[in-house]
Structures are given as C-alpha cells and as structure tokens.
Amino acid sequence: MTMTANLADSLRQMLAVLDTERQALAALDVDALLLSTHDKDALCAALETHGAVGLDPECRTLVAAARQKNEVNRKVRNLLAANVAARLDALTASAGTYAAPQAQRI
C-alpha cells in the first residue's frame, strides 16, 4: 500500500470514528464516547507520521470532511456542557456553577 493510500485509509477511519462519536453524543453513551476518544487518539498518532506536503486531492477532501465533522462534534459537546451548566444553575438557584471561587480579603 502506498503512503497516500495509507493516509487516505486512516482519514476514512477517522471519518467513521467521528460519525461514531456524533452518535454517542446524541445518545449520551459514555462508553461509546470513551471508545471514540481512544480511537481518535490512536488515529491522530498514525496521522502524525504523514506530512502535510504533497496531499493529493482525495486526501485534501478527506481532511476537509474530517475537520468539518470534528467541528460539528465540538459544537454538540459545547451545547451539551452548556445545557448541563444551565440545569445545575437552575437547581442551585445561582449562576456560575463552574465559576472559579473568588478570593476572600482578610
């Protein structure tokens, strides 16, 4: 297998993992999220061995698709975190559940 074919294969695997991550986020499946994170980490290590120089059009397209899916997943994670924070704030009747405690003057 050529270096470009190997890279394209790794990028396709990354796209599949990002799809799995999106599904896990939608289902709030912690186990699937942990597996996705592990798989993404392993694929990132494999992708590190490839340089950005000389990407063919197919690989550029796959990189763009992976970047877009990763961005969508990031936004979903942020929305979920914001929703949790809002619900916790509502339960405690105070804003800033995750805010750092303020230093007290003595």
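Structure's up top.
Draft legend 1. How the structure looks around unusual backbone geometry. A positive phi angle is found at Leu-28, which is not glycine, with a value near 55°. Checked against the element boundaries, Leu-28 lands in the loop between α1 (3–27) and α2 (30–48). Residue Leu-28 is classed as exposed on the basis of its relative accessible area of 58%.

Draft legend 2. Geometry of the side chain of Ser-36. If you trace the backbone, Ser-36 turns up in helix α2. Sequence-distant contacts of Ser-36, defined by excluding residues within four places in its chain, comprise Val-17, Thr-20 and Glu-21.

Draft legend 3. Spatial organisation of α2. When the terminal C-alpha atoms of α2 are compared, their 27 Å separation across 19 residues agrees well with the 27 Å that a helix rising 1.5 Å per residue should span. Along α2, the residues that are buried comprise Ala-32, Ser-36, Lys-40, Leu-43 and Leu-47. In a view along the axis of α2, the buried residues occupy a sector of 70°, so they form one face of it. Seen from the open side of α2, the exposed residues pointing more than 90 degrees away from its buried face are Val-30, Asp-31, Leu-34, Leu-35, His-38, Asp-41 and Glu-48. Capping the start of α2 is the job of one residue whose side-chain oxygen sits 3.2 Å from the backbone nitrogen of Asp-31: Asp-29.

Each value, and the rule that gives it
Residue indices follow the written sequence of each chain, beginning from 1 at its first position. Restriction of local features to residues with pLDDT of at least 70 applies here, the model being predicted, together with a cutoff of 80 or more for giving and counting side-chain atom pairs; totals for whole chains, interfaces and linings are based on all residues. Only heavy atoms go into the side-chain values, all of them from the structure, while hydrogens and water stay out. Put simply, DSSP H or I for four residues or longer makes a helix, DSSP E for two residues or longer makes a strand, and each gets a number counted from the N terminus. Here the term buried applies to any residue with accessible area under 20% of the maximum for its type, exposed to any over 50%, and partly exposed to those in between, with areas from a 1.4 Å probe on protein chains only. Only heavy atoms matter for contacts: two residues are in contact if any of them lie within 4.5 Å across the pair. Here, expected helix span is obtained from the residue count minus one, scaled by 1.5 Å. Of all possible arcs, the one meant is that of the directions from the helix axis to the C-beta atoms. N or O atoms closer than or at 3.5 Å make up a polar contact, with two conditions inside protein: a donor-capable atom paired with an acceptor-capable one, and, for residues adjacent in sequence, both atoms drawn from side chains.

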